[in-house]
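Residues per chain, in single letters:
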Amino acid sequence: MNAPARLLHVGPHKTGTTSIQDAFYGSRPRLLEHGVHYLGGTRDLRPVLLELLDHDRAGRTDGPESWQQLLAEADRTSAHTTVLSSELLCVAGDRLRGRLVADFVGDDGEVVITLRSLGAIMPSQWQQAVQAGMATSWEAYVRRQLRAWPGEGTAFWRRHRHDLLIERWAEQIGAERVVVVVADERDPDFLTRQFAELAGLPAGVLEPPAAKSNRSLTWEEIEAVRAFNCGIDAREAELGDEAPPFVWPPLWRSRAWWWFKIRERNPAHHSVRLPAWAADDLGAHAAEIVDRIRASGVRVFGPVEQLVARPKVTDEPLPQHLDPEVSGQVAARIAETLLRDLGASGTPAAD
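This structure is a prediction, so every number in the text was calculated from the model and none was measured.

Some remarks on the overall build of the protein chain
At step 1: Per the secondary structure count, the protein chain includes 14 helices and eight strands.
At step 2: Element-wise, carbon and sulfur atoms account for 51% of the exposed surface of the protein chain, whose accessible area totals about 16700 Å².

Quick look at the nonpolar core
At step 1: By size, the foremost hydrophobic cluster in this structure holds 72 residues, and its most contacted members are L8, L100, I113, W138 and W169.
At step 2: Among all residues touching W169, those that are not within four sequence positions of it are L8, V10, R97, L100, V101, V111, I113, G174 and V178.
At step 3: Among the nonpolar cores identified, the runner-up in size contains 21 residues, and I20, F24, L191 and L206 belong to it.

Structural notes on the side chain of R116
At step 1: Its location among the elements puts R116 in the loop between β4 (110–115) and α6 (118–131).
At step 2: At 3.0 Å, the side chain of R116 and the backbone oxygen of K14 are in polar contact.
At step 3: Within the structure, R116 has its side chain in polar contact with the side chain of E185 (distance 3.2 Å).
At step 4: Filtering out sequence-adjacent residues up to four positions away, R116 remains in contact with K14, T15, G16, I121, S124, H162, A183, E185 and L307.

Some remarks on the pattern of salt bridges
When the charged atoms of two side chains lie near each other, side chains of opposite charge can form a pair.
At step 1: Counted by the stated rule, this structure contains 22 salt bridges.
At step 2: D163 is the salt-bridge partner of R292, the closest N and O atoms lying 3.3 Å from each other. Residue R292 is found in helix α13 (residues 279–295), and its partner D163 is found in helix α9 (residues 162–173); the two are separated by 129 residues along the sequence.
At step 3: Assessed through its relative accessible area of 1%, D163 is described here as buried.

Digging into the pairing of β4
When a strand is regular, its side chains alternate between the sheet's two faces.
At step 1: Among the six residues of β4, six are classified as buried, and the element is accordingly described as predominantly covered.
At step 2: Side chains of β4 alternate between two faces, with E110, V112 and T114 and V111, I113 and L115 buried alike.
At step 3: Pairing geometry for strand β1 (residues 6–9) and β4, over three bridges, is parallel. Within the sheet, the bridge partner assigned to L7 lies in β4 and is E110.
At step 4: Note that β4 and strand β5 (residues 178–182) share five bridges and pair parallel. Residue L115 lies in a different strand from β5, and its bridge partner there is V182.

A word on the packing of aromatic side chains
At step 1: Counted according to the given criterion, the structure contains seven aromatic pairs.
At step 2: For the ring pair W126 and W219, a centre distance of 6.1 Å and an interplane angle of 25° mean the geometry is stacked. In this pair, W126 is assigned in helix α6 and W219 in helix α11 (residues 219–239), connecting sequence segments 93 residues apart.
At step 3: Its relative accessible area of 0% is what places W126 among the buried residues.
At step 4: The exposure class assigned to W219 is buried, which follows from its relative accessible area of 7%.
At step 5: For the ring pair W149 and W157, a centre distance of 5.1 Å and an interplane angle of 65° mean the geometry is edge-to-face.
At step 6: Note on W157: relative accessible area 0%, which makes it buried.
At step 7: A connected cluster of aromatic rings, assembled from ring pairs, spans W126, W138, Y141 and W219.

A word on α9
At step 1: Its 12 residues give α9 an end-to-end C-alpha distance of 17 Å, which sits within 8% of 16 Å, the value for a rise of 1.5 Å per residue.
At step 2: Directly beyond the C-terminal end of α9, a positive phi value near 100° is found at G174.

Here's the deal with the layout of surface pockets
At step 1: Quantified by volume, the second largest pocket comes out at close to 300 Å³.
At step 2: Every residue lining the second largest pocket is counted, 19 residues in all, and those nearest its centre are W138, E139, W219, L318 and Q320.
At step 3: Listing elements by their share of the lining of the second largest pocket, those giving two or more residues are α7 (138–148) and α11.
At step 4: Examining the composition of the lining of the second largest pocket, we find that three residues originate from one element, α11, more than from any other.
At step 5: Of the residues in the lining of the second largest pocket, the class split is nine nonpolar, four polar and six charged.

Digging into the confidence of the model for the protein chain
At step 1: Mean pLDDT for the protein chain: 89, with 91% of residues reaching 70 or above.
At step 2: Counted against residues more than four places away or in other chains, residues 344–351, with its pLDDT under 50, gives 14 contacts.

Let's talk about the packing of helix α4 (residues 65–76) against helix α5 (residues 94–105)
At step 1: Between α4 and α5, the least distance of the axes is 10 Å, while the angle of their chain directions is 35°. Between α4 and α5, the contacting residues are W67, Q68, L71 and A74 on the first element and R99, L100, D103 and F104 on the second.
At step 2: Its residues assigned to classes, the contact of α4 with α5 shows five nonpolar, one polar and two charged.

So, the sheet that holds strand β3 (residues 81–85)
At step 1: Taken in spatial order, the six strands make up an open sheet running β2-β3-β1-β4-β5-β7, and their pairing is parallel. Bordering the open sheet on either side are β2 (36–38) and β7 (299–301), each of which pairs with just one other strand. The average angle at which neighbouring strand axes cross in this sheet is 20°, direction not considered.
At step 2: Taken together, the three bridges between β2 and β3 define a ladder with parallel strand orientation. Within the sheet, the bridge partner assigned to Y38 lies in β3 and is V83.
At step 3: Each of β1, β4 and β5 is contacted by α9, which is oriented at about 175° to β4, the strand it contacts most.

Conventions we followed
The numbers attached to residues start from 1 for each chain and follow its sequence in the written order. Per-residue local features are limited, in this predicted model, to residues with pLDDT of at least 70; the limit for side-chain atom pairs, both in listing and counting, is 80 or more; totals at the level of whole chains, interfaces and linings are taken over all residues. Remark: hydrogens and water are excluded; side-chain values derive from all non-hydrogen atoms of the structure. Only DSSP runs of H or I reaching four residues or more are called helices, and only runs of E reaching two or more are called strands; each is numbered from the N terminus. Calculation of accessible area relied on Shrake-Rupley with a 1.4 Å probe; when residues are assessed, cover is drawn exclusively from the protein chains displayed. Side-chain atoms within 4.5 Å are what join buried Ala, Val, Leu, Ile, Met, Phe, Trp, Tyr and Cys residues into a set we call a nonpolar core. Remark: exposure states derive from per-residue accessible area (1.4 Å probe, protein chains only) relative to the maximum for the residue type, with buried under 20%, exposed over 50%, and partly exposed in between. In this description, contact between two residues means that some pair of their heavy atoms is separated by no more than 4.5 Å. Under this definition, polar contacts are N or O atom pairs within 3.5 Å; protein pairs additionally need one hydrogen-donor-capable and one acceptor-capable atom, and for neighbouring residues in sequence, both atoms have to be side-chain atoms. For this document, the term salt bridge refers to a Lys or Arg side-chain nitrogen within 4 Å of an Asp or Glu carboxyl oxygen. The pairing criterion is simple: DSSP has to find at least two bridges between the two strands. In this analysis, rings of Phe, Tyr and Trp, with Trp reduced to its six-membered ring, are considered paired at centre separations within 6.5 Å, and the interplanar angle assigns stacked below 30 degrees, edge-to-face beyond 60, and tilted for intermediate values. Expected helix span is taken as 1.5 Å per residue step, with the number of steps being one fewer than the number of residues. Only protein atoms enter the 1 Å grid used here, on which a cavity is any set of points holding a 1.4 Å probe that cannot leave and a pocket is any open set flanked by protein within 12 Å on both sides along at least five of seven lines; residues with an atom within 4 Å of a point are listed as lining. Grid points are joined across faces, edges and corners, and a volume is the space filled by probe spheres set on the points. Under the scheme applied here, ten amino acids are nonpolar (Ala, Val, Leu, Ile, Met, Phe, Trp, Tyr, Cys and Pro), four are charged (Asp, Glu, Lys and Arg), and all others, including Gly, are polar. The quantity known as pLDDT measures the predictor's confidence residue by residue, on a range of 0 to 100. Axis definition: a line fitted to C-alpha atoms, limited for helices to the stretch in contact. Angles are taken between N-to-C directions and run from 0 to 180 degrees.

This is how it looks when you write it as structure tokens:
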């Protein structure tokens with residue numbers, strides 16, 4: 001197939017975006033030999049795109065300087081295809097989508113949207129929110145999302161009403177220029193191969209990222225992190241206006257949970273799975289989303305049937321008590337970070 005001049009991948013979150021970005025970034029020199037330029041001189045474009053999103057939310061009509069620099073990089077390349085990938089852009093509103101088309105996609109580019117099943121995405125999104133400081137329990141989180149259907153009143157549905165995301169982009173640039181790629185849970189390299197084809201690359205040029213330890217946390221681990229968040233929330237509520245602004249910054253929390261992700265999983269621990277009572281409702285929502293995607297006229301690649309397959313669930317009651325060893329490890333990692341980051345004045349060093 002003829003590759004488009006510009007390829008914009010807008011996520012959404014938890015659909016293999018990091019693997020795709022790592023594959024493109026890690027293959028940059030080889031890609032250029034085949035006329036494909038992956039935009040951005042760093043692995044993480046989040047600062048640039050967060051600034052762009054902030055400008056849009058503020059109603060500003062000018063793009064930030066960092067965005068202009070990124071566009072200048074795209075204009076300078078002699079490659080026949082330029083690729084930009086960020087799941088942050090899945091929440092772009094009308095004005096920002098228009099800017100992205102005018103500034104980057106142009107008249108012959110394409111927008112790519114990657115998908116996974118809601119049953120696989122929801123536990124990952126809850127874990128990410130807890131890792132960022134949320135204290136909401138897993139069952140309460142699931143109930144909240146199911147109650148919020150069919151709107152986009154929660155962050156989860158703003159990202160994962162996949163049908164509405166696709167329809168918005170199809171309306172913006174035409175259904176024929178929107179490509180949907182469904183991740184294949186049985187084939188970890190499927191997304192990489194499909195993106196290579198979309199970019200017009202020969203087989204084997206876009207290499208899957210090297211395997212790295214970045215697993216999901218177990219139930220016991222994420223509950224220990226959530227318990228810490230609950231304690232911090234309670235302490236901040238107790239202090240009220242007297243709470244110092246630096247109490248347990250997110251950076252300290254992240255160093256605690258990240259340590260779990262790089263160590264071997266305890267085989268006695270449990271996975272976070274959808275409660276059995278939620279499976280039917282979530283499955284019905286997924287079926288409605290898939291029906292609308294099929295009716296949208298966009299091109300779809302991959303195992304669509306996986307999007308409506310019954311999610312993995314658990315009828316087994318998950319442990320309601322904290323594992324003392326895991327809780328101790330959370331406390332030890334945060335204490336270690338505190339001691340390392342304390343400045344001479346006795347307050348956390350600026351980071």
